[in-house]
Amino acid sequence: MADTLTVAGPGPSAPVPEFPMPRAAGCPFDPPPGLGAAREEGPLTKVRLWDGKDYWLLTRYADQRAVLLDPRVSADLTRPGYPLQAPSNGTNNISFILMDDPEHARLRRMVTAPFAIKRVEALRPAVQKIVDDLIDEMLAGPHPVDLVEAFALPVPSLVICALLGVPYDDHDFFQENSKVLIRRDADMADRAAAHGKLVGYLDQLMGEKTAHPGDDLLSGLVARVRSGELTRTDAAQMGVLLLLAGHETTANMIALGTLALLEHPEQLALLRDTDDPKLIASAVEELLRYLSIVHGGRRRAVLADIEVAGQVIRAGEGVIMPNDLANRDPEAFPDPDRLDLTRDARRHVAFGFGVHQCLGQPLARMELQVVYGTLYRRVPGLRAAAGIGELPFKHDGSVYGVHELPVTW
Ligand code: HEM
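Residues numbered from 1 in each chain as written. Predicted model: local features only at pLDDT ≥ 70, side-chain atom pairs only at ≥ 80, totals over all residues.

As annotated in an unreviewed UniProt entry, the chain is Cytochrome P450 from Streptomyces fuscichromogenes.

1. A closer look at the overall build of the chain
Keep this limit in mind: Helix numbering and strand numbering both begin at the N terminus, where a helix is a DSSP run of H or I of at least 4 residues and a strand a DSSP run of E of at least 2. As a rule, residues whose C-beta atom has 12 or fewer other C-beta atoms within 10 Å are exposed, those with 20 or more are buried, and those in between are partly exposed; C-beta atoms are placed from the backbone. Our contact criterion uses C-beta atoms placed from the backbone: two residues qualify when those atoms are within 7 Å.
When helices and strands are tallied, the chain shows 15 helices and 11 strands. Here the C-alpha coordinates of the chain stretch approximately 65 × 55 × 35 Å along the principal axes. Of all 409 residues assigned to the chain, the portion counted as buried reaches 42%. Of the contacts formed within the chain by residues at least 6 apart in sequence, a portion of 72% connects residues at least 24 apart.

2. Observations regarding helix 9 (residues 188-211)
Applied cut-off: Given the number of residues in a helix, its expected span is that number minus one, multiplied by 1.5 Å.
Its 24 residues give helix 9 an end-to-end C-alpha distance of 35 Å, which sits within 8% of 34 Å, the value for a rise of 1.5 Å per residue. Looking at helix 9, one finds that the buried residues are Arg-191, Ala-194, His-195, Leu-198, Val-199, Leu-202, Leu-205 and Met-206. Contact partners of the buried residues in helix 9: helix 8 (171-182), helix 10 (217-226) and helix 11 (232-262).

3. A closer look at the site of the ligand
So the rule is basically this: Working rule for contacts: place C-beta from the backbone, and if it is within 6 Å of a molecule or strand, that residue counts as near it.
Close contacts around the ligand come from 23 residues, with Ala-245, Thr-249, Gly-352, Cys-358 and Gly-360 the closest. Listing elements by their share of the shell around the ligand, those giving two or more residues are helix 11 and helix 15 (361-378). The greatest single-element share of the shell around the ligand, amounting to 7 residues, is contributed by helix 11.

4. Describing the environment of Ala-62
Here Ala-62 lies in helix 2 (residues 61-68). As for Ala-62 and Asp-329, which are separated by 267 residues in sequence, their C-alpha atoms are 9.1 Å apart.

5. As for the packing of helix 12 (residues 265-272) against helix 15
When two helices pack together, their arrangement is given by the angle between the helix axes and the distance between those axes. Using the following cut-off: To obtain each axis, a line is fitted to C-alpha atoms, and for helices this fit is confined to the stretch in contact; angles are then taken between N-to-C directions over 0 to 180 degrees. For classification purposes, angles smaller than 35 degrees are called roughly parallel, those larger than 145 roughly antiparallel, those between 65 and 115 roughly perpendicular, and all remaining angles oblique. Throughout, the ten residues Ala, Val, Leu, Ile, Met, Phe, Trp, Tyr, Cys and Pro are labelled nonpolar, Asp, Glu, Lys and Arg are labelled charged, and all others, Gly among them, are labelled polar.
Running from amino to carboxyl end, helix 12 crosses helix 15 at an angle of 100 degrees, the nearest separation of the two axes being 8 Å. Relative to helix 15, the element helix 12 lies roughly perpendicular. Contact residues: Leu-268, Leu-271 and Arg-272 in helix 12; Tyr-372, Tyr-376 and Arg-377 in helix 15. The class makeup of the residues in the contact of helix 12 with helix 15 is 4 nonpolar, no polar and 2 charged.

6. Let's talk about helix 1 (residues 33-41)
To keep things clear, this is the line we draw: It is the directions from the helix axis to the C-beta atoms that the arc portrays.
Considered for burial, the residues of helix 1 that qualify are Leu-35, Ala-38 and Arg-39. End-on, the buried residues of helix 1 take up no more than an arc of 100 degrees, which puts them together on one face. Where helix 1 terminates, the next one or two residues include Gly-42, which has phi positive at roughly 140 degrees.

7. A short note on the sheet that holds strand 11 (residues 406-408)
The condition is simple: Between any two strands, pairing holds if DSSP finds at least two bridges.
A sheet is described by the order of its strands in space; here 3 strands give the open sequence 5-11-10, paired in antiparallel fashion. The open sheet has two free edges, formed respectively by strand 5 (145-146) and strand 10 (383-384), since each of these has just one partner strand. In this sheet, strand 11 lies alongside strand 5 in antiparallel orientation, the contact comprising 2 bridges. Its bridge partner being in strand 11, Asp-146 is matched across the sheet by Pro-406.

8. Brief notes about the nonpolar core
Put simply, the rule is: Throughout this description, the term nonpolar core refers to a group of buried Ala, Val, Leu, Ile, Met, Phe, Trp, Tyr and Cys residues whose C-beta atoms join them within 7 Å.
In this structure, Ala-152, Leu-164, Ala-255 and Val-319 are the most contacted members of the largest nonpolar core, which totals 109 residues. Per-element tally for this core: the top contributor is helix 11, with 16 residues. Excluding residues that lie within four positions of it along the chain, Leu-164 makes contacts with Asp-216, Leu-217, Leu-218, Gly-239, Leu-242 and Leu-243.

9. A short note on the pairing of strand 3 (residues 54-58)
With 4 of its 5 residues buried, strand 3 lies for the most part within the structure. Where strand 2 (residues 44-48) meets strand 3, 5 bridges bridge the pair, whose relative direction is antiparallel. Across the sheet, Lys-46 pairs through a bridge with Trp-56, a residue of strand 3. Pairing geometry for strand 3 and strand 9 (residues 318-321), over 2 bridges, is parallel. Across the sheet, Trp-56 pairs through a bridge with Val-319, a residue of strand 9.

10. Looking at the sheet that holds strand 6 (residues 298-302)
As summarised here, the arrangement of the 5 strands in space is 2-3-9-6-4, forming an open sheet in which the pairing is mixed. Where the open sheet ends on each side, the last strands, each with one partner, are strand 2 and strand 4 (73-74). In this structure, strand 4 lies alongside strand 6, joined through 2 bridges in antiparallel fashion. Of the residues in strand 6, the one forming a bridge with Val-73 is Val-302. Lying over the sheet, helix 2 contacts strand 3, strand 4, strand 6 and strand 9, oriented at roughly 130 degrees with respect to strand 9.

11. As for the environment of Gly-34
When you line up the elements, Gly-34 lands in helix 1. The class of Gly-34 is partly exposed, set by 17 C-beta atoms lying within 10 Å. Between the alpha carbons of Gly-34 and Thr-45 there is a distance of 12 Å; along the sequence they are 11 residues apart.

12. Here's the deal with the packing of helix 9 against helix 11
Quick note on the threshold: Two helices cross in a left-handed way if the nearer one is turned anticlockwise from the farther one by less than a right angle. They cross in a right-handed way if the turn is clockwise.
Interhelical geometry of helix 9 versus helix 11 gives an angle of 110 degrees and a closest axis separation of 8 Å. Classified by the angle between their axes, helix 9 and helix 11 sit roughly perpendicular to one another. Classified by chirality, the crossing of helix 11 by helix 9 is right-handed. Listed contacts from helix 11 to Leu-198, Val-199, Leu-202, Asp-203 and Met-206 of helix 9 are Arg-232, Ala-235, Ala-236, Gln-237, Gly-239 and Val-240. Split into classes, the residues belonging to the contact of helix 9 with helix 11 amount to 7 nonpolar, 2 polar and 2 charged.

13. Some words on unusual backbone geometry
The omega torsion across Phe-19 and Pro-20 is -5 degrees, close enough to zero to call that bond cis. The omega torsion of the bond from His-143 to Pro-144 falls at 10 degrees, within 30 degrees of zero and hence cis. In this structure, Pro-144 sits in the loop between helix 5 (124-140) and strand 5. Even without glycine at this site, Ala-309 takes up a positive phi of about 50 degrees. Along the chain, Ala-309 falls in the loop between strand 7 (306-308) and strand 8 (311-313). Take Ala-309: there are 15 C-beta atoms within 10 Å of it, and that puts it in the partly exposed class.

Here you go:
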């Protein structure tokens, strides 16, 4: 069948745009205009990465989902054609997120139970208390205050620390090193050093848990090391993945989501004036869709020829699937550039799709529901203490957000 298909690509004279692309000044919530232009070209186009090589960019929601489900594409960054985010020496491999089945599934299964919906729901009262306490502290302190430092980072960090059994007192250390690890412009040595420090830290912590096991996820991994199911290194790398993914992402959704709401006061009013769990849950999905913070594009290497939108992508080539573009595809979401907390946005791909779909999504959803359902009702006068043009956005990170968000009330 593949013989009858054409091989996709821009015309010979068309310049290949570089990826990632800059966002437009003044439109911090929208995907880069260059991505919109790519969509105009069609479902498939080529982009050039930092290594000077060209990779396929998939612009449509439906095609991205189909490819992310396809076992002929690989998440293993050592495969030929994989579109590397930045130079890599292969050592900063962050566990099963960069592995294929069956090993990916084997490792993922070891940590799925604590993230199941029922287990996560049982944590809701504790998360509510964390959120209420942090708001109390914020209200009692001076303002303006940086919402990122005072609230957005501590909420998910406290939660993931409790779940994993990591001492929260070490948050400066793991937050700093996590930041380096996901910075697109960090050089290879810095990223490898940050990864090494985090793996060493988790390994030491697990060593302590061998002698004094607790009722936490890391102690569960230690038991699997003992039974020979896991190596110590695999366990430590898994710990790094969970710690990093567990706090950075949700923190950015809290701060950037708050900023987006402050910029859309009529939408903020909907949340401030309700305690309807359905509306709050819908707001979470819509903000996940609208902001698509894990915006570097899902990246995969093609293992055997595949067909996308009637064209062939060859084995050994790489594909990039920006979920910010998929989540603004008008065929999937009518009037996609409008933030509308009442729309049904549940089919978004902000958590990815396919076998690597976010493991922590029930936890992230619950945390965001508690935050969005509490913060604006308890601080009804909340407002930004800096103009949007003055804010430092995370253009440099593979997770998008704001570095700081000064607020007052
Ligand atoms: C709003 C918050 C979050 C967003 C937007 C988000 C987004 C994502 C995305 C897009 C992926 C797919 C990666 C890929 O296909 O290559 C992913 C995977 C993953 N996420 Fe999340 N995430 C969030 C919160 C969390 C939390 C709280 C955890 C808890 C530990 C977590 C753990 C993971 C893990 C372990 C994977 C890898 C899954 C696999 O490879 O099988 N995430 N996440």
